[in-house]
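Structure at a glance
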Amino acid sequence: MFSFRRRTAGFSRRTVTALGVLGAALALTATTAGGATAAPKPPADGPVAVKPGQAYMGVGARIHEDVPAGEPSMGVMAPTDGVQGIDVSHWQGAINWTSVRGAGIQFAWMKATEGTGYKDARFNTNYPAAYHAGVIRGAYHFALPNVSNGSTQATYFVNNGGGWSRDNLTLPGVLDIEHNPYGAMCYGLSTTQMRTWINDFYTTYKSRTGRDVVIYTTASWWNTCTGNWTGMYSKSPLWVAHWGVSSPTIPSGFPTWTVWQYTATGSVSGVSGNVDRNQFNGSRDRLLALANNT
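Everything numeric here is computed off the predicted structure, so don't read it as measured data.

1. Some points on the overall build of the chain
A tally of regular secondary structure across the chain gives seven helices and nine strands. Burial statistics for the chain: of 294 residues in total, 56% are counted as buried. Residue pairs at least 24 apart in sequence account for 72% of intrachain contacts in the chain once pairs closer than 6 positions are excluded. In the structure as shown, the chain presents an accessible area of about 11,100 Å², 50% of it carried by carbon and sulfur atoms.

Printed below as a string of structure tokens:
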């Protein structure tokens, strides 16, 4: 089950925030970018409310999952070793990507699109800036399976930033498929319909880019909404979200994780406020192999 326990540094947390608060376990000092201003945060109390087009990785799960009242320190459970990365959207505001790279962050995925009508306001800035700073970067699409079929959304994603090139600094695109932040958990689709939707997205993305799309999800969403589907076992690398644990729970049908989002309350020099932190399951050479399709 997905873990959503949170803790603030100086007072008891009342409820989940939209982008979280600084996790006591992450022993990294935040140095924000000069002049960087984060976008206004959603409400700090009650369910996380976002408007269409404003979704970000993990927001749907925060709305649908119960949040315990307190959170113990993650301590040594925070896997800040190995190959480290972040994921961002317009909610992080202006980012100093040179500082991000200098802080040891080797890769980043950033929101490009959502559904069929939304493009992230900071994507056109983040994508080339990360590249020029030497961060291995890629784009992600926030799926809305109740809006259109998977093929249509894959096409929209590729046409608006989700493409790929073998330049040593570009990762394959990501399908962010998680709890619906705007309504019913599984978007009103049956498990069979959801499997078809995901496969259509995958097939179209691969035909357009030559790459297997990475799937970002949680065990609870995947197991419920796809019915423990094993159909992506040999196709898509898994990016699993599971916060506040020593190792992530893997959704049914995947052999292991390629990327693990281990906290939504991380801090990194160059980013104002909290940012999702991720660990790659392998060496930098393997990360480059994923980027270059080798």
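2. Some remarks on the pattern of salt bridges
Overall, the coordinates contain two salt bridges when judged by the stated rule. Salt-bridge contacts for Glu114 lead to Lys111; the nearest nitrogen and oxygen are separated by 2.6 Å. Owing to a relative accessible area of 1%, Lys111 belongs among the buried residues under this scheme. Note that Lys206 is salt-bridged to Asp212, the shortest N-O span being 3.0 Å.

3. Re the pairing of strand β1 (residues 83–88)
By the criterion of burial, β1 is predominantly enclosed, with six of the six residues buried. Burial along β1 is two-sided: the face carrying Val83, Gly85 and Asp87 and the face carrying Gln84, Ile86 and Val88 are both buried. Sheet topology places β1 next to strand β2 (residues 105–114); five bridges connect them, and they run parallel. Bridge pairing links Val88 to Met110 in β2. For the handedness criterion, the β-α-β arrangement of β1, helix α2 (residues 97–102) and β2 is classed as right-handed.

4. Overview of helix α3 (residues 123–132)
Along α3, the residues that are buried comprise Phe123, Asn126, Tyr127 and Ala130. Seen along its axis, α3 keeps its buried residues to an arc of 95°; they face one direction. Seen from the open side of α3, the exposed residues pointing more than 90 degrees away from its buried face are Asn124 and His132. Where α3 is buried, its residues contact β1, α2, β2, β3 (118–119), β4 (136–142) and α4 (150–162). One or two residues past the end of α3 sits Gly134, with phi positive at roughly 85°.

5. A short note on the nonpolar core
Ranked by internal contacts, the top residues of the largest apolar core, which has 75 residues, are Ile86, Trp97, Phe107, Trp109, Ile177, Ile198 and Trp222. Excluding residues within four positions of it along the chain, Ile198 makes contact with Leu175, Ile177, Ile215, Trp222, Thr226, Trp229 and Met232.

6. Brief notes about the pairing of strand β8 (residues 259–266)
Of all eight residues in β8, eight are buried; the element is thus mostly enclosed. As defined by bridge partners, strand β7 (residues 238–241) adjoins β8 across three bridges and the pair is classed as parallel. Directly across from Trp239, in β8, lies its bridge partner Val259. Bridge count for β8 against strand β9 (residues 275–280) is five bridges, and the pairing is antiparallel. In the sheet register, Trp260 faces β9, and the bridge partner there is Gln279.

7. Regarding helix α7 (residues 284–292)
Every buried residue belonging to α7 is among Leu287, Leu288, Ala289, Leu290, Ala291 and Asn292, and all of these are buried. Those residues of α7 that are buried are in contact with β1, β2, β4 and β9. Looking one or two residues beyond α7, the residue adopting positive phi is Asn293, at roughly 60°.

8. Let's talk about the packing of α4 against helix α5 (residues 191–209)
Between α4 and α5, whose axes approach to 7 Å, the crossing angle comes to 40°. Comparing their axes, α5 and α4 come out oblique. Crossing of α4 against α5: the hand is right-handed. In this structure, α4 uses Gly150, Ser151, Gln153, Ala154, Thr155, Phe157, Val158, Asn159 and Gly162 to contact α5, whose residues at the interface are Trp197, Asp200, Phe201, Thr204, Tyr205, Arg208 and Thr209. Per-class residue counts for the contact of α4 with α5 are six nonpolar, eight polar and two charged.

Here is what the cut-offs are and how they apply
- Residues numbered from 1 in each chain as written.
- Predicted model: local features only at pLDDT ≥ 70, side-chain atom pairs only at ≥ 80, totals over all residues.
- Heavy atoms only, no water.
- Helix = DSSP H or I, 4+ residues; strand = E, 2+ residues; numbered from the N terminus.
- Buried < 20%, exposed > 50% of the residue type's maximum accessible area, 1.4 Å probe, protein only.
- Contact = heavy atoms within 4.5 Å.
- Areas by Shrake-Rupley, 256 points an atom, 1.4 Å probe, with all protein chains shown as cover.
- Salt bridge = Lys/Arg side-chain N within 4 Å of Asp/Glu carboxyl O.
- Pairing = 2+ DSSP bridges.
- Right-handed = clockwise from strand over helix to strand, strands pointing away.
- Arc of directions from axis to C-beta.
- Core = buried A, V, L, I, M, F, W, Y, C linked by side-chain atoms within 4.5 Å.
- Axes fitted to C-alpha atoms, helices over the stretch in contact; angles between N-to-C directions.
- Parallel < 35°, antiparallel > 145°, perpendicular 65-115°, else oblique.
- Left-handed = near helix turned anticlockwise from the far one by under 90°.
- Nonpolar A, V, L, I, M, F, W, Y, C, P; charged D, E, K, R; others polar.

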